[in-house]
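# Results of the structural survey
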Amino acid sequence: MNVPRILGLSTALVAGCLQAQTVDVQAELASQKARIAELEKKVAPQAAAGPIVFPEALTPYILIDLTLVGKSNATADGRTKVDMGEPFFSGNRWGLKGLVKTNVDGLAVIYKLESEYFLYDGEQGKTNALFNRDAWVGISGKSFGKITIGRQNTLARDFAVIYCDPFNHAEVNYDEGGWTNNSNFKSLVYYAGAVSLGPVTGGPAQTRMDKGIVWKKMSDEGLCFGAAYNLNYEANTSVKNSTGSVALGWNARVWHVSGFYTQANNNNFTQKSMSLGGNVYVTPKLKINAGYFHYTAEQGLNHSDRTDNAYTLSGSYSLNPKWTLFAGVQTIKVDHAGMATATGAIPNAFANGANAAFYTTGSKDSYYAAVRRHLSRKIEAYVVYDYMKLHDAYKLSTSIAKDSQAEYGVGLRISAL
């Protein structure tokens, strides 16, 4: 027997078996790695998806704004009070909006449901009114623009927003415009208001319309059109306590202008408001805004019409992507305004001052400034200040006799609109 040969053959056989097993193991490992990689591809997009993406038909949104404000002459004895109330810039809100495409080419159905709330106690903006800010449905298309029906901003408010204060967008567009209206320079927004008397709204002077029908059209050339009318709560007429409005605008490359005319029937007394204004980018960082408002109201009993004239001038300057500065001034002059009492507060525009027992004249000047620190695209901290001076018989409150007030505050704003 040739032992060396047998040992050599055995060794070769064992080595061959081991090599075959090694090849099988490597092939299995490669197969398992391929399967794992395929599974990782399927799982990875879910793990790194980030925020939930909603379809166009349902878009939830929210705005959270908190301001701590100190006010001088805030009490009957003239003391300063620090408090947390409505935010300085605009009301806290949440809502749902959407766009649903139809089988008609270029036609979509749109809607918006928006609710206001108070951050300091969590209550609704208006009792027993869930969607007190917006509750409308409409249609949109490139050829005819946008038609919305329901509770919504007045048309005048949306067109004049480009020059009413420095905190808004520059161009006239399809959006509903939010004015800075929770401070001492808020009164201008009422000149862009409407009459809306009824059991749901509970008040005559509104900056939104119940039962509103609004049309807007923005052309590719920059020309902007608008018209609006609100139906009323009257049982026997569509005219009493209703408001009609038309508006025009023009968007150019570095400047934008707009104006409106509004006429309302307030318990069968005619009230009119008109305005013209705009803004210009003096430099890419500096924007200047200016506007004029004129308002008249019939007052009955052979009394002269109430006549108001108001002016605004403001500007914003972007130091860099993190810091923006704002400043402005507003002046309101009121002649022969009807009031319920001799020492009462002057009613806002579109309130009912007809057949009043007392009439007065006065003016109000407001100066304001703010600094915003942009912490991200949707979060900013801010510091604000304004000073108000009243002249003649102009009063804002019967409980505070002082003719001036300063407001100063700090705040944080989170916007996911």
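Not measured: the values here are computed from a predicted model.

## What about the nonpolar core?
- Of all hydrophobic cores here, the largest spans 39 residues; its most connected members are Trp179, Tyr191, Phe260 and Phe293.
- Counting residues per element, the ones that place at least two in this core are α2 (155-164), β7 (194-195), β9 (208-218), β10 (223-230), β12 (255-266), β14 (286-297), β16 (323-339) and β18 (379-392).
- Ranked by residues supplied to this core, first place goes to α2 with eight residues.
- Not counting chain neighbours up to four residues away, the residues in contact with Tyr191 comprise Phe260, Ser273, Phe293, Tyr295, Asp308, Ala310, Ile332, Val334, Ala349 and Phe350.
- Phe89, Phe167, Phe326 and Tyr382 belong to the second largest nonpolar core, which has nine residues in total.

## Some remarks on the packing of aromatic side chains
- Taken as a whole and judged by the stated rule, the model has 14 aromatic pairs.
- Centroid distance Phe118 to Tyr120: 5.4 Å. Interplanar angle 25°. Geometry classified as stacked.
- An aromatic cluster is built from Tyr163, Trp179, Tyr191, Phe260, Phe293, Tyr295 and Phe350, whose rings are joined through pairwise contacts.
- Against the face of Phe89 rests Arg372, its NZ or CZ located 4.3 Å from the ring centre.

## A look at α2
- The element α2 is largely enclosed, with a buried count of 10 among its 10 residues.
- Those residues of α2 lying buried are Leu155, Ala156, Arg157, Asp158, Phe159, Ala160, Val161, Ile162, Tyr163 and Cys164.

## Structural notes on the side chain of Gln271
- When you line up the elements, Gln271 lands in strand β13 (residues 269-281).
- A relative accessible area of 3% places Gln271 in the buried class.
- Polar side-chain contacts of Gln271 include one of 3.3 Å to the side chain of Asn266.
- At a separation of 3.3 Å, a polar atom in the side chain of Gln271 contacts the side chain of Tyr295.

## What to know about unusual backbone geometry
- One non-glycine residue, Asn268, adopts positive backbone phi at about 70°.
- Structurally, Asn268 is set in the loop between β12 and β13.
- Using a relative accessible area of 52% as the deciding quantity, one classes Asn268 as exposed.
- With phi around 70°, Phe350 is a residue other than glycine that occupies positive phi space.
- Examined against the element boundaries, Phe350 turns out to sit in the loop between β16 and β17 (358-374).

## Things to note about the side chain of Thr243
- Checked against the element boundaries, Thr243 lands in strand β11 (residues 243-251).
- The exposure class of Thr243 is buried, given its relative accessible area of 2%.
- Aside from chain neighbours lying at most four places away, what touches Thr243 is Ala194, Val195, Ala228, Tyr229, Asn230, Thr262, Gln263 and Ala264.

## A short note on the pairing of strand β15 (residues 306-320)
- The pairing of β14 with β15 spans 12 bridges and is antiparallel. Its bridge partner lying in β15, Leu286 is registered against Tyr317.
- With 13 bridges connecting them, β15 and β16 associate as antiparallel partners. Counted as the bridge partner of Tyr317 is Leu325 from β16.
- With antiparallel pairing between neighbouring strands as the criterion, β15 and β16 make up a hairpin whose turn holds two residues.

Procedures and definitions
- Residues numbered from 1 in each chain as written.
- Predicted model: local features only at pLDDT ≥ 70, side-chain atom pairs only at ≥ 80, totals over all residues.
- Heavy atoms only, no water.
- Core = buried A, V, L, I, M, F, W, Y, C linked by side-chain atoms within 4.5 Å.
- Buried < 20%, exposed > 50% of the residue type's maximum accessible area, 1.4 Å probe, protein only.
- Helix = DSSP H or I, 4+ residues; strand = E, 2+ residues; numbered from the N terminus.
- Contact = heavy atoms within 4.5 Å.
- Phe/Tyr/Trp six-rings, centres within 6.5 Å; stacked < 30°, edge-to-face > 60°.
- Lys NZ or Arg CZ within 6 Å of the ring centre and 35° of its normal.
- Polar contact = N/O pair within 3.5 Å; in protein donor to acceptor, adjacent residues only side chain to side chain.
- Pairing = 2+ DSSP bridges.

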